[in-house]
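Residue strings, one per chain:
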Amino acid sequence: CTYSAPGKIILSGEHSVVYGKPAIAMAINKRAKTTCNLIAIPPGSEQSGFTVASKLISMDITVPWDSIRAELSGTGSDTKSLDLESIKLPFTADVRPIQVLIALLKNLVTDFFPSADLQISFWEAVTKKMALQLIFESDVVLQAGLGSSASIAVSLSAALVAGFNYIRKSFQLLELYNDPADYEKAIDAYSYVCERVIHGTPSGIDNRCSQVGGVILFKQGIHEKVCSILPFSILVVHTNVAKDTKKAVAQVKAFKEKYSEIIQHTINALGKVTEKIMDHIKLGLANPLYAYSEEESNNLQECIKMNHSLLCTLNVSHPKLDELVSICEKHGLPAKLTGGGKGGCGIVIIHPTKVSKESTIVMPSLLLDLKNAGYGILDILPEKEGLRREPTIIQNIQSLVPINTCLLYTSPSPRDATLSRMPSSA
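Residues numbered from 1 in each chain as written. Predicted model: local features only at pLDDT ≥ 70, side-chain atom pairs only at ≥ 80, totals over all residues. Heavy atoms only, no water.

J.: I'd like a rundown of helix 8 (residues 260-286), residues and numbers included.
T.: Helical periodicity: at 3.6 residues per turn, an α-helix aligns residues three or four positions apart in one direction. With 27 residues, helix 8 extends 39 Å between its outermost C-alpha atoms, agreeing within 8% with the 39 Å of an ideal straight helix rising 1.5 Å per residue. Residues of helix 8 that are buried: Ile 263, Thr 266, Ile 267, Leu 270, Gly 271, Val 273, Thr 274, Ile 277, Met 278, His 280, Ile 281 and Gly 284. (Helix = DSSP H or I, 4+ residues; strand = E, 2+ residues; numbered from the N terminus. Expected span 1.5 Å × (residues − 1). Buried < 20%, exposed > 50% of the residue type's maximum accessible area, 1.4 Å probe, protein only.)

See the structure below:
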């Protein structure tokens, strides 16, 4: 089976959302895709295991089931006790993808096979009879604040839930998460497990936005899907500086512990600015003529400027992000960092008043100035659809598996919005 999920940008509320303040995120038209194949193997074959293939991170490895089982029987969900040499991990590889899989598998095995007897039967079955193959693809730019890890986490969680449901059926057990609400909660929980491994203490906004799509308002684990398209345009600009969200989140935490009262005031202010920006969005949706006025354009511009300045106070900006803001200000457009900061991408807000009056003058000269300063302009648009099943093309299936074994696939077309997103029973 194959599932895909979009990346995202954060309009407002970076970092403050970790401390319970609201944040606004928008799904984008760049997606990560995970394919999960269950492959029957001959008795005694050494091919049994968990295979991960990804051009995205130059990884093609096989983790033996025995190594996974030994790790999951431990007390933790990291890979401190896992013999990395036994899985032939490339010397320069980032170990976090393996940590993600171990943490996710620990939850899946416990949830899908809750009793000790079932777990023993599960391990005996997979160890002797099957290999599980995961193939990752993505066009979400890595380490840019665009939700690349969240989009992978969501699509991976959905693919593995489908795979584990197929295994449950082979034990004559009912599928889990048949209710759409339960399914949504499960994917959110599993993808958050992945995000915690990658980012430490994430708020959950990234994986939630990737799962549901559109524009969401998120606060303390609860989201409101506001709209599919914003009442203004956004230009996404890449600084070409790789960022590390986990490091940035940890730095803000340390900063808050050192200057508790000051940083708490900054976090509170970010929450208020986010509320003002959301007011503008909802006003634009309800009454476009008023929202497109010069007054509202100026109000939004001021909020975006305050937003970036407050994030600078949290020490999560970068010289290239600040330079981006300065270049855009010269053209009368507000800009800010998006995501964890310390590099990655920034966003430029282009209000309808600017488009109608100055688009033929401002945009070409702005794009030229950004290009000359070494920035990349990304071809990114809003994405109203979140997690979805993708068609799986199976070629030469007879040469891969016996007739009585089935590679998971999904049907009918995921583009029919009236149909459930529940995994197929294959």
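J.: Let's hear about the packing of helix 4 (residues 148-170) against helix 5 (residues 180-199): which residues, and what values?
T.: Relative to each other, helix 4 and helix 5 sit at 130°, their axes nearing to 8 Å. Here helix 4 is positioned oblique relative to helix 5, judged by the angle of their axes. Seen along the crossing, helix 4 lies across helix 5 with a hand that is right-handed. Facing helix 4, whose interface residues are Ser 149, Ala 150, Ala 153, Val 154, Leu 156, Ser 157, Ala 158 and Val 161, helix 5 presents Tyr 183, Ile 187, Tyr 190, Ser 191, Cys 194, Glu 195, Ile 198 and His 199. (Axes fitted to C-alpha atoms, helices over the stretch in contact; angles between N-to-C directions. Parallel < 35°, antiparallel > 145°, perpendicular 65-115°, else oblique. Left-handed = near helix turned anticlockwise from the far one by under 90°. Contact = heavy atoms within 4.5 Å.)

J.: Go over the pattern of salt bridges, please, and point to the residues and values.
T.: Scanning the model with the defined rule gives nine salt bridges in all. Between Asp 188 and Arg 208 there is a salt bridge, and its shortest N-O distance comes to 2.8 Å. With Asp 188 in helix 5 and Arg 208 in helix 6 (residues 205-212), this pair connects stretches of sequence that are 20 residues apart. The same class applies to Asp 188 and to Arg 208, which are both buried. Where Glu 385 meets Arg 388, a salt bridge forms, and the shortest distance between an N and an O atom there is 3.1 Å. Judged by relative accessible area, Glu 385 falls into the buried class, the value being 18%. Residue Arg 388 is classed as buried on the basis of its relative accessible area of 12%. Overlapping salt bridges, with partners in common, bring together Glu 385, Arg 388 and Glu 390 in one network. (Salt bridge = Lys/Arg side-chain N within 4 Å of Asp/Glu carboxyl O.)

J.: Give a detailed account of the environment of Asn 165, specifying residues and quantitative values.
T.: One can find Asn 165 in helix 4. Given the relative accessible area of 2%, Asn 165 is considered buried. With eleven residues separating them in the primary sequence, Asn 165 and Leu 176 have C-alpha atoms 6.6 Å apart.

J.: Just give me the short version of the sheet that holds strand 11 (residues 376-378), but keep the residues and values in it.
T.: Pairing is antiparallel across the open sheet formed by four strands, whose spatial order is 9-10-8-11. What marks the edges here is a single partner per strand, and that holds for strand 9 (335-337) and strand 11. Within this sheet the neighbouring strands show an average axis-to-axis angle of 30°, counted without direction. Sheet analysis places strand 8 (residues 233-238) next to strand 11, joined by three bridges and oriented antiparallel. Residue Val 236 lies in a different strand from strand 11, and its bridge partner there is Leu 378. The strands that helix 10 (residues 294-313) touches are strand 9 and strand 10 (345-350); relative to strand 9, the one it contacts most, it runs at about 30°. (Pairing = 2+ DSSP bridges.)

J.: Could you give an account of the packing of aromatic side chains, naming the residues involved and the relevant values?
T.: Within the structure shown, the criterion is met by ten aromatic pairs. When the ring of Phe 112 is compared with that of Tyr 177, the centres are 5.8 Å apart and the planes differ by 80°; the resulting orientation is edge-to-face. Of this pair, Phe 112 sits in helix 2 (residues 96-112) while Tyr 177 sits in the loop between helix 4 and helix 5, placing them 65 residues apart in sequence. Just as Phe 112 is buried, Tyr 177 falls in that class too. Linked through ring pairs, Trp 65, Phe 112, Phe 113, Phe 122, Trp 123, Phe 164, Phe 171, Tyr 177 and Tyr 190 together constitute an aromatic cluster. Over the ring of Tyr 375 we find Lys 320, and its NZ or CZ is 4.1 Å from the ring centre. (Phe/Tyr/Trp six-rings, centres within 6.5 Å; stacked < 30°, edge-to-face > 60°. Lys NZ or Arg CZ within 6 Å of the ring centre and 35° of its normal.)

J.: Please provide a residue-by-residue account of unusual backbone geometry, values included.
T.: Positioned with a positive phi, Gln 143 is a non-glycine residue whose angle comes to about 50°. With respect to the element layout, Gln 143 can be found in the loop between strand 5 (130-138) and helix 4. For Gln 220, which is not glycine, the phi torsion reads 50° and is therefore positive. The residue Gln 220 is located in the loop between strand 6 (215-219) and strand 7 (222-227) in this model.

Fair warning: the whole summary comes from geometry, so function is off the table for now.
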